[in-house]
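# Topology and contacts: notes
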Amino acid sequence: MEIIETMKNISSIENCYGCGVCGAVCGKRIIKLRLNADGFYEPFITDQNICSHCGLCVECCAYVHQERSGNQNEVKSYAAWSKQKEIRQKCSSGGIAYELGKQLLEQGYKACGVRYNVQMQRAEHFIATTPQEYIQSIGSKYIQSYTLEAFQAINRKERYFVTGTPCQIDSFRRYIKKFSVEDHFVLLDFFCHGVPSIHVWTKYLKEIEKKTGKIQYVSWRNKTTEGFDVQNGGEDQKRIKWTESYRICIQGERKGYIAEKVQKDHFYTLFLSNICLGRACYEKCKYKYLSSAADIRIGDLWGKTYQENEEGVNALLTFTAKGQEIVAGLKNCVIDSQTLAVVTEGQLKKNLSTPLLRRKAMVLLKQEGTDLKKVIYLANKWNQIKAIKYYVLHPFLMWCRIKRKMKQ
Ligand SMILES: Cc1cc2nc3c(=O)[nH]c(=O)nc-3n(C[C@H](O)[C@H](O)[C@H](O)COP(=O)(O)OP(=O)(O)OC[C@H]3O[C@@H](n4cnc5c(N)ncnc54)[C@H](O)[C@@H]3O)c2cc1C
Ligand code: SF4
Ligand code: SF4
Ligand code: SF4
């Protein structure tokens, strides 16, 4: 018997995707999300005595099922961007996520996306009912989002555009399939290499707050010299190249902070080193490359074909007839049909392997008062190990193999 058949509810699940869909589906409202010791969301049951063992939470959980829930038809691939300069300027890539949301909102959908909550210092899903409200979703927040309240607030009888990481979207598809309401939803995910531990973010904010005072605004991707608040415009500022837009821009009570170079920024050094991603991101992710349960997938199109384009280009894929129809009807956007090779250049095709030094890094991150520099030291060590493997070990093994073949 499969383990999931013996599971009465999600109480024994650990290190999962933390998507919160189990909490949305539970009619008894006894599933909550909390951060585990490593700093990733995990569900727990507040009162086992109330559980009716209906099994819905397990049924809708993408983590415990091997197969994905999507019904992919033909995959179509595009390079795309918004024709509206100010949208493209504010968004992480080409602004397609915002344009899709805006258009669907105008057609009577609600939009469930991710905003940054400065009070709670977290990324969280929220529901927008107007394009103006949906502006908060603009920009990638490179931390795991808290989904529970927004997912619980979704009324299955209404129409929604829901965006999220591929694992969140896979569980969400299970949920709407279970209640036979797939027709009411349009689902969008993105190419995703992983989410880092929230401990990195919390420690980073402590460092920055010493310089800026209490933080009032954060943007992870920034295409201007000064940074700007997406709510308040910023169009008159000098623009910088999209390819250099990995710049965290923080506004504090006393002053602002912009990390000029990715390599000099503690958060980005750790995020991009991939040393402290969720355990599921290395071991249990089933969403790389073309694997998705969404109707539409977006990402950054960094490849050679558009390398001269410095304003931001989205990789855009459609997986379903619904996704295809929505993209075909998208107004105010450039949608260039391109081969998969062009659109997916540079994207991961399989999961990252768990770094040897991850456990050590997690121990340091969990310790109160440990400086991020100590974790960065480990990340740099890990980069050196990877370089030795790539430039020394691989060529050596290749040479041994060729020699052996020549002898045969
Ligand atoms: C954790 C993370 C990892 C990523 N990894 C890759 C990658 O490996 N390769 C790649 O090409 N692209 C990756 N992306 C996506 C990329 O950064 C851009 O978000 C994407 O290209 C969309 O650009 P846009 O201009 O259309 O969107 P924007 O208009 O800027 O909108 C961003 C969209 O992402 C959603 N979003 C923002 N933060 C989160 C979050 N934390 N969790 C869930 N949804 C969120 C918002 O709701 C919004 O719909 C990643 C994004 C995140 C958040
Ligand atoms: S539904 Fe999501 S949060 Fe709940 S157990 Fe499964 S992966 Fe974890
Ligand atoms: S089995 Fe049913 S009642 Fe029990 S936690 Fe899961 S969804 Fe809720
Ligand atoms: S890498 Fe996979 S498991 Fe991790 S957040 Fe992204 S989709 Fe989810």
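Residue positions within a chain follow its written sequence, with the count starting from 1. Numbering of ligands from 1 and lettering of chains from A proceed in the order in which they are written. Only residues with pLDDT of at least 70 get local features here, since the model is predicted, and only at 80 or more are side-chain atom pairs given and counted; chain-wide, interface and lining totals rely on the full set of residues. Side-chain figures throughout are based on the complete set of non-hydrogen atoms in the structure, without hydrogens or water.

Our focus in this paragraph is the site of ligand 1. Within the structure, ligand 1 sits among 35 residues, and Ser93, Ser140, Lys141, Tyr142 and Asp300 are positioned closest to it. In the model, an oxygen atom of ligand 1 is placed 2.6 Å from a nitrogen or oxygen of the Ser93 side chain. Between ligand 1 and Gly95 there is a distance of 2.9 Å, counted from an oxygen atom to a backbone nitrogen or oxygen. A total of 910 Å² of accessible area belongs to ligand 1 in isolation, and the protein chains cover 97% of it. In this analysis, the protein atoms alone were mapped onto a 1 Å grid. Cavities are point sets where a 1.4 Å probe fits without being able to get out; pockets are open sets with protein on both sides within 12 Å along at least five of seven lines; lining residues have an atom within 4 Å of a point. Placement in a cavity or pocket follows one criterion, namely that more than half of the molecule's atoms lie within 2 Å of its grid points. When atoms are counted within 2 Å of each cavity's grid points, the one that captures over half of ligand 1 is the largest pocket. Each helix is a run of DSSP H or I of at least 4 residues and each strand a run of E of at least 2, with the numbering of both proceeding from the N terminus. Contributions of two or more residues to the shell around ligand 1 are made by helix 5 (96–106), strand 4 (110–117) and strand 12 (296–300). The residue classification treats Ala, Val, Leu, Ile, Met, Phe, Trp, Tyr, Cys and Pro as nonpolar and Asp, Glu, Lys and Arg as charged. All others, Gly included, are polar. When the residues that make up the shell around ligand 1 are grouped by side-chain class, the tally is 14 nonpolar, 18 polar and 3 charged. Throughout this document, a residue counts as near a molecule or strand when at least one of its heavy atoms sits within 4 Å of that molecule or strand. Within 3.5 Å is the distance limit for a polar contact, defined as a pair of N or O atoms, with the added protein rule that one can donate a hydrogen and the other accept it, and that residues adjacent in sequence qualify only through two side-chain atoms. Accessible surface is estimated by sampling points in the Shrake-Rupley manner with a 1.4 Å probe; for residues, cover comes only from the protein chains shown.

A few words on the domain arrangement of the protein. Domain delimitation in this document rests on an assignment produced automatically or drawn from a domain database. Each domain of the protein was delimited in the assignment, giving domain 1 (3–59) and domain 2 (358–407). Centre-to-centre, using C-alpha coordinates, domain 1 lies 35 Å away from domain 2.

Lining the immediate surroundings of ligand 3 are 13 residues, of which Cys26, Cys51, Cys54, Gly55 and Cys57 lie closest. Here the residues of the shell around ligand 3 sort into 7 nonpolar, 4 polar and 2 charged.

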